[in-house]
Amino acid sequence: MADTAPTDTPATRVVDNDTGAKTDAKAGVQTLKDNVIKFANDAGDKAKAAAEDGKTRAGGALDELAAMLHDAAGTVDEKVGDQYGQYARSAADAVANFSKSLQSKQVDDIIDEAREFVKKSPAVAIGTAAAIGFVLARLVKAGLDAPSDDKKA
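Rules of the game
Residues numbered from 1 in each chain as written. Predicted model: local features only at pLDDT ≥ 70, side-chain atom pairs only at ≥ 80, totals over all residues. Heavy atoms only, no water. Helix = DSSP H or I, 4+ residues; strand = E, 2+ residues; numbered from the N terminus. Buried < 20%, exposed > 50% of the residue type's maximum accessible area, 1.4 Å probe, protein only. Contact = heavy atoms within 4.5 Å. Phe/Tyr/Trp six-rings, centres within 6.5 Å; stacked < 30°, edge-to-face > 60°. Salt bridge = Lys/Arg side-chain N within 4 Å of Asp/Glu carboxyl O. Expected span 1.5 Å × (residues − 1). 1 Å grid on protein atoms, 1.4 Å probe; cavity = no way out; pocket = protein on both sides within 12 Å on 5 of 7 lines; lining within 4 Å. Points joined across faces, edges and corners; volume = space filled by probe spheres on them. Nonpolar A, V, L, I, M, F, W, Y, C, P; charged D, E, K, R; others polar. Axes fitted to C-alpha atoms, helices over the stretch in contact; angles between N-to-C directions. Core = buried A, V, L, I, M, F, W, Y, C linked by side-chain atoms within 4.5 Å.

## Examining the side chain of Lys-55
Within the secondary structure, Lys-55 sits in helix α1 (residues 19-79). Taking relative accessible area as the criterion, Lys-55 reaches 9% and is therefore assigned buried. Other than its neighbours up to four places away in sequence, Lys-55 contacts Leu-102, Gln-103, Lys-105 and Ile-110.

## Brief notes about the packing of aromatic side chains
Counted by the stated rule, this structure contains 1 aromatic pair. Pairing Tyr-84 with Tyr-87 gives two aromatic rings, centres 5.8 Å apart and planes at 70°, and the pair type is edge-to-face. Remark: Tyr-87 and Tyr-84 occur in helix α2 (residues 82-104); sequence separation between them is 3 residues, near one turn of the helix. What makes Tyr-87 partly exposed here is its relative accessible area of 48%.

## A look at the pattern of salt bridges
Note on pairing: side chains with opposite charge can pair once their charged atoms come close. For the structure shown, the criterion picks out 8 salt bridges. Here Lys-55 makes a salt bridge to Glu-52, at a shortest N to O gap of 3.2 Å. Residue Lys-55 and its partner Glu-52 are both found in helix α1; the two are separated by 3 residues, about one turn of the helix. Exposure remark for Glu-52: the relative accessible area of 30% places this residue in the partly exposed category. Measuring nitrogen to oxygen at the nearest pair gives 3.7 Å for the salt bridge that ties Arg-115 to Asp-112.

## Some remarks on α2
Over its 23 residues, α2 extends 33 Å from the first C-alpha to the last, a length consistent with the 33 Å expected when each residue adds 1.5 Å. Residues of α2 that are buried: Gly-85, Ala-88, Ala-92, Val-95, Ala-96, Ser-99 and Leu-102.

## Digging into the layout of surface pockets
Taken as a whole, the largest pocket spans an internal volume of roughly 160 Å³. Per-element accounting of the lining of the largest pocket gives the leading share, 4 residues, to helix α4 (residues 122-142). Taken together, the residues that form the lining of the largest pocket break down as 5 nonpolar, 1 polar and no charged.

## Concerning the environment of Asp-77
Here Asp-77 lies in helix α1. Using a relative accessible area of 19% as the deciding quantity, one classes Asp-77 as buried. Dropping the residues within four chain positions of it, Asp-77 is found in contact with Asp-82, Gly-85, Gln-86 and Arg-89.

## What to know about the packing of helix α3 (residues 107-120) against α4
Where α3 contacts α4, the axes come no closer than 5 Å and their chain directions differ by 115°. Mapping the contact onto sequence places Phe-117, Val-118, Lys-119 and Lys-120 in α3 and Pro-122, Val-124 and Ala-125 in α4.

## Concerning the nonpolar core
Within the largest apolar cluster, 5 residues are counted, these being Leu-62, Ala-66, Val-95, Ala-96 and Leu-102. Put simply, the parts of the chain that give this core at least two residues each are α1 and α2. For this core, the element with the highest residue contribution is α2, accounting for 3 residues. With near-sequence residues (within four places) excluded, Val-95 lies in contact with Leu-62, Leu-65, Ala-66 and Leu-69.

## Observations regarding the environment of Ala-49
Mapped onto the elements of the fold, Ala-49 is located in helix α1. For Ala-49, a relative accessible area of 47% puts it in the partly exposed group. On a C-alpha basis, the gap between Ala-49 and Val-107 in space is 9.2 Å, while along the polypeptide they are 58 residues apart.

If you want it as structure tokens, here you go:
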């Protein structure tokens, strides 16, 4: 009977005296490791692209909100008074400045700032995440996405 001994690592354990089979098993494990690393890198790249797209969309939405607040300020001036219209203009300017700040930053910088915020104020971060989660759940439940025109026909 041939002497059979397992290889050194459990992942490549081959009970066979043929060194070619052992080499094939090690090559298979290395290929698997390489594929996992490639998959992780691809997933990270896709997540970063999605975050960049989200940042762009959020900036656009904030710009629209700022424009709406500026437009509403005139109506507020007429109905409530100039002082309150100025509050609306100040809010619009703050939203516009935040939008510009958001759009000028890289996704990695935003992530780093979020990490620092969570480290400094974990309770506020958890509360904010819970509130955002609640709002998002309500929006999804309400069916924010209107049916497309293609489906109506």
